[in-house]
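Each chain is listed here by its residues.
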Amino acid sequence: MSEAIEAARDLGTLQFRIKHRQALEQLGMVLSVFRLPPNSDARRQLQTATQRLPHLQLELNHRYGLLAYSRQQMAQGMIQFPLNGTGCLSDARVGLLDTAVNLQHPALAGRRIELMQLAPPPLASSNHGTAIASLWLGHPDTGFLPLMPDASVSVAAVFRQGDTRSDTTTDLLLGGLDWLLGREVEAINLGLGGPHNRLLTLALEKILARDVLLVAAAGNQGPAAFPTYPAAQPGVIAATAVDANRHLYQNANRGAYIDFAAPGVQVWAASESGTAYHTGTSFASPFVLAALLAEKRLDQDWWQNSRESAQDLGPNGKDDSYGWGLVRWPADCG
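These lines cover the structure that appears in this document, whether it is placed above or below. Computed from a prediction, not measured in an experiment: that's the story for all the values here. (Residues numbered from 1 in each chain as written. Predicted model: local features only at pLDDT ≥ 70, side-chain atom pairs only at ≥ 80, totals over all residues. Heavy atoms only, no water.)

A separate point is the sheet that holds strand β11 (residues 192–193). Reading across from one edge, β8-β9-β3-β11 is the order of the 4 strands in this open sheet, with antiparallel pairing throughout. The open sheet terminates on both sides in strands that have one partner only, identified here as β8 (160–161) and β11. Two elements, strand β3 (residues 63–66) and strand β9 (residues 166–169), share 3 bridges in a ladder whose sense is antiparallel. By the bridge assignment for β9, Y64 is matched with T168. Across the face of the sheet, helix α4 (residues 170–182) comes into contact with β3, β9 and β11 while running at roughly 75° to β9. (Pairing = 2+ DSSP bridges. Helix = DSSP H or I, 4+ residues; strand = E, 2+ residues; numbered from the N terminus. Contact = heavy atoms within 4.5 Å. Axes fitted to C-alpha atoms, helices over the stretch in contact; angles between N-to-C directions.)

Below, the structure written as structure tokens:
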């Protein structure tokens, strides 16, 4: 903290003004957010500050968006999910970095969900986070076949409502990741995407060093898009989406960073106040996370087993569209 206070004094010579500061104890970081001089160019200011103060970890407070398109459908049967339970995940602790979750939704009533609201108002709709949570925990008596009904899910709600869309920022993401680490989660689902950010990279590297499984949506910007982060960061598992015919989602990103495919087109899940069909790579990521976490809990060779068991959908071996192929549920977890 003393170093952060000294850094603020140094940056004050460039007319940077401290906005807020927080100690991220789990990540071993102190995060300071600054206001720049009025009408200044943020990238140029960053370059000047980095040159003058090279000992500091400086980065823009990038914005990130939810990687989803609403209204469409999919099936657990595609990943060979068993009907007779998933005992190997009964005590799993999973993190969700997303919007809030509607804890009063009938599909989630009584489930083990802990919610931490970190975004400032106006808050984003809970539609996205509620859909992801229902794929993991949705009650069978409300029509769901949940992937890990007995797991504990910690939700860090980091999305706010902007003028035209929901988004979040780097500082909110880091705060959410720090809180999730404090909940001792085994895996974190990241259904969001944006530009590469050095501070987010540093935080994710710290989390990976703790052997926490990180799964992120590959992106919905189309075949010609640049890689989206955090999915493209080494060590993070990038999930892309396929439809019921195992065809790649037309708006999915492509690239060498893609790891696995899963159902992500017209996936039936909960919405903020009911149920709906959802489409986007962020609806594929909870399938990939659950399957890989099950494999990881069963066998130390989980990464090799997951690659070998995946259904190859493109050219032989790993490719830029489907990665290793359609993820499959481990037979011993059922």
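To continue, consider the packing of α4 against helix α5 (residues 198–209). Packing of α4 against α5 leaves a shortest axis separation of 10 Å and a crossing angle of 10°. On the basis of the axis angle, α4 is roughly parallel to α5. Packed against α4, whose contacting residues are L173, L174, L177 and L181, the element α5 presents L199, L200, A203, L204 and I207 at the interface. Of the residues assigned to the contact of α4 with α5, the class counts are 9 nonpolar, no polar and no charged. (Parallel < 35°, antiparallel > 145°, perpendicular 65-115°, else oblique. Nonpolar A, V, L, I, M, F, W, Y, C, P; charged D, E, K, R; others polar.)

Turning our attention to the state of the cysteines. Inspection of every chain in the model, using the stated rule, returns 1 disulfide. Linked covalently through their sulfurs, C88 and C333 form a disulfide whose S-S length is 1.8 Å. Between C88 and C333, the S-S dihedral sits near -90°, and the bridge is therefore left-handed. Taken together, the residues C88 in the loop between β4 (69–70) and β5 (93–98) and C333 in the segment after α7 (302–309) connect sequence positions 245 residues apart. (Disulfide = S-S within 2.5 Å.)

On to the environment of D259. With respect to the secondary-structure elements, D259 resides in the loop between β13 (237–242) and β14 (260–263). When the C-alpha positions of D259 and D319 are compared, they lie 8.7 Å apart, and in sequence the two are 60 residues distant. At 2.9 Å, the side chain of D259 and the backbone nitrogen of A238 are in polar contact. (Polar contact = N/O pair within 3.5 Å; in protein donor to acceptor, adjacent residues only side chain to side chain.)

What is shown is where atoms sit, not what they do.
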